[in-house]
Amino acid sequence: MDKWLTHNNFAKVLALVFSIILWAMVHLDSGTPVDSTTLAQPRFIDNVKIEVTGFDEDKYILYDLEPSTVRMEVKGKRIDLTTNFSDYKARLNLENLGPGTFTLPLTHELPPGVELISMDPSIVKVTIEAKETRTIPVTIVTKGEPADGLVLGTPIVAGAGTVDVTLPASEVQELSKVEGTVDVSGLKDSVKGKSVKLTAYDKQGQPMENAKISPSSVDVEVPINKLYKNVPLEVRKAGQLPSGYVLTGVETDVEGVVLYGSKEALEGISSYPVTVDLSRSDGSTETKYSVDLTPPEGFEKIEPSSVTITLHVKPGGQKQLDGVPVTLKNAGSSYDVKWILPADAKLSLTVVGPSGTLDALQPEDIQITADLAHLGAGTHTVPIEVKLPEGVELADTATSMTVDVELTEKGNPTSGEPVEHPDPADGTQNPAGNGTPTHQEEGGNATEDVTSGNGT
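Residues numbered from 1 in each chain as written. Predicted model: local features only at pLDDT ≥ 70, side-chain atom pairs only at ≥ 80, totals over all residues. Heavy atoms only, no water.

Q: What is the right way to look at the overall build of the protein in this model?
A: Across its full length, the protein holds 4 helices and 32 strands. A total of 456 residues make up the protein; the buried ones form 30% of that total. Taking the contacts inside the protein whose residues are at least 6 apart along the sequence as the reference set, 71% of them involve residues at least 24 apart. For the protein, the exposed surface amounts to about 28300 Å²; the carbon and sulfur share of it is 49%. (Helix = DSSP H or I, 4+ residues; strand = E, 2+ residues; numbered from the N terminus. Buried < 20%, exposed > 50% of the residue type's maximum accessible area, 1.4 Å probe, protein only. Contact = heavy atoms within 4.5 Å. Areas by Shrake-Rupley, 256 points an atom, 1.4 Å probe, with all protein chains shown as cover.)

Q: How do you make sense of the packing of aromatic side chains when you look at a structure like this?
A: Each aromatic ring pair is characterised by the separation of its centres together with the angle its planes make. Scanning the entire structure with this criterion turns up 1 aromatic pair. A centroid spacing of 5.8 Å and a plane angle of 45° characterise the contact between Tyr228 and Tyr260, whose relative ring orientation is tilted. Taken together, the residues Tyr228 in strand β18 (residues 228-238) and Tyr260 in strand β20 (residues 256-261) connect sequence positions 32 residues apart. Overall, Tyr228 belongs to the partly exposed group, its relative accessible area being 32%. Judged by relative accessible area, which is 11%, Tyr260 ranks as buried. Its guanidinium or amino end placed over the ring of Phe44, Arg71 lies 4.2 Å from that ring's centre, counting from NZ or CZ. It is Arg280 that lies over the ring of Tyr289; its NZ or CZ is 4.1 Å from the centre. (Phe/Tyr/Trp six-rings, centres within 6.5 Å; stacked < 30°, edge-to-face > 60°. Lys NZ or Arg CZ within 6 Å of the ring centre and 35° of its normal.)

Q: For this particular structure, what's the right way to read the confidence of the model for the protein?
A: Regions with low pLDDT carry predicted coordinates that are not meant to be interpreted in detail. Per-chain confidence: the protein averages 81 in pLDDT, with 82% of residues scoring 70 or above. Counting contacts from residues 415-456, a segment whose pLDDT is below 50, to residues more than four positions away or on other chains yields 59 contacts. (pLDDT = per-residue confidence, 0-100.)

Q: Would you explain the sheet that holds strand β7 (residues 114-120) in this entry?
A: Each strand in a sheet pairs with another by means of backbone hydrogen bonds, the pair being arranged parallel or else antiparallel. Overall, mixed pairing links the 5 strands, which are arranged β6-β4-β1-β3-β7 in an open sheet. Strand pairing shows two members of the sheet lacking a second neighbour, β6 (107-109) and β7, which therefore form its edges. Taking the axes of each pair of neighbouring strands and ignoring which way they run, one obtains an average angle of 35° across the sheet. One ladder, built from 6 bridges, connects strand β3 (residues 69-76) with β7; its direction is antiparallel. Each residue of the ladder has a partner; that of Lys75, found in β7, is Glu115. (Pairing = 2+ DSSP bridges. Axes fitted to C-alpha atoms, helices over the stretch in contact; angles between N-to-C directions.)

Q: Hey, could you run me through the side chain of Thr310 in this one?
A: Along the chain, Thr310 falls in strand β24 (residues 306-329). On the basis of relative accessible area, Thr310 is assigned to the buried category, the value being 6%. When sequence neighbours within four positions are dropped, the list of residues in contact with Thr310 reads Gly249, Val250, Glu251, Glu286, Thr287 and Lys288.

Q: Is there a simple way to think about the sheet that holds strand β16 (residues 217-222) in this case?
A: In space, the 3 strands of this open sheet follow the order β10-β16-β13, with antiparallel pairing throughout. Every other strand in the sheet has two partners, leaving β10 (156-157) and β13 (191-197) as the edge strands with one partner each.

Q: I would appreciate a short explanation of the pattern of salt bridges in the present structure.
A: Close approach of charged atoms allows side chains of opposite charge to pair. Inspection of the entire model under this criterion finds 10 salt bridges. The partner of Arg91 in a salt bridge is Glu51, with the nearest N and O atoms 3.6 Å apart. Taken together, the residues Arg91 in strand β4 (residues 89-93) and Glu51 in strand β1 (residues 43-53) connect sequence positions 40 residues apart. Look at Arg91 and you get partly exposed, because its relative accessible area is 24%. Residue classification places Glu51 among the partly exposed residues on the basis of a relative accessible area of 32%. Glu406 is the partner of Lys338 in a salt bridge, and the nearest nitrogen-oxygen pair spans 3.2 Å. In this pair, Lys338 sits in strand β25 (residues 335-341) while Glu406 sits in strand β30 (residues 402-409), placing the two residues 68 residues apart along the sequence. The burial state of Lys338 is the same as that of Glu406; both residues are buried. What emerges from the salt-bridge pattern is a single network uniting Glu51, Arg91 and Glu109. (Salt bridge = Lys/Arg side-chain N within 4 Å of Asp/Glu carboxyl O.)

Structure (structure tokens):
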């Protein structure tokens, strides 16, 4: 111990300890506190986002919040100043405000013990606009093509197929459509239950950023089928109705069928024939029966697979109409026409139909035409076409009816050679053509023909 006390280094340490104790006693006794805030410096908090409160987003839309962030200058004790920026907040209260443009003050919220020196900016400008909602149908478009030999059907949207679109009132008039896209590239099977996101577009075809769509997506089905074609039914008649009845109409429950097949087969067909058997009628006003449909040769499938036929009949009678005029078509301007048979350009027809219809039927209700197209000079036997009122038919549809006419170039006399035709009275040939009078001078040359029907 005596050695330590006499050692020089020990004496120096001991002196230092006593000096520190003496300094502390002097300062504690003075009563002057040490303020830790004098050690803290002002601090800047940048890019504090403005929080909007009291705003009804269902009724209004907020535009032009300028600016959207602020810079704060704060002070406080070093231990209170935090680096967590979420503790520094700037707020904008829009409660009870409607449409319009406003300049409003900001409020702030700081960590405990921190004071605001300044906030830049302390006021902001905003625009509030009312919203409108419209209900419009959904349009689904496809992108790409399915696998070879397949064709797309019409996309089907689940539910009502409509959505509600909410927009600022100033933009509603520009709303054109709501559309979703389905990619079908290379697909071999139908798309079923696919959720498709929707986008609203304006009249210029641009997406509308402010549109809120409810629901924002829909479930969609896109049929993918083999190549097909819709063709109409071609009704053909066969058989005979019960005696004393006439056909007033034939109905089918479908107007056409869908045929599936190759591209070449589909291009070569324009209708599907269905034969109606009139003998199936039981004499009642309506007779219904079903006919099975089969795909024509070269086709894979037909839809529907059957068709229901309805025969409409009525008790009928028979009537002969005399003096039905025959009209010539396409006679041309280069020829004079002389009627040979019938000489008066009128025919007699026997028709069948409902009794009430036949009672009112007159010759002028029937149209008979003969087409002279592509005929040159000479005598011609021309088939006729008969157009009858609804529900009326020729009594003998198997009989082919014709008329005989002679064409001569304008300015040239007729040949004067008689045309022989059977005389219906005695089976002999009538050289004048069914009794048409002919005036002859000496020498037997015909100088005048009395014709009717077209004035030639």
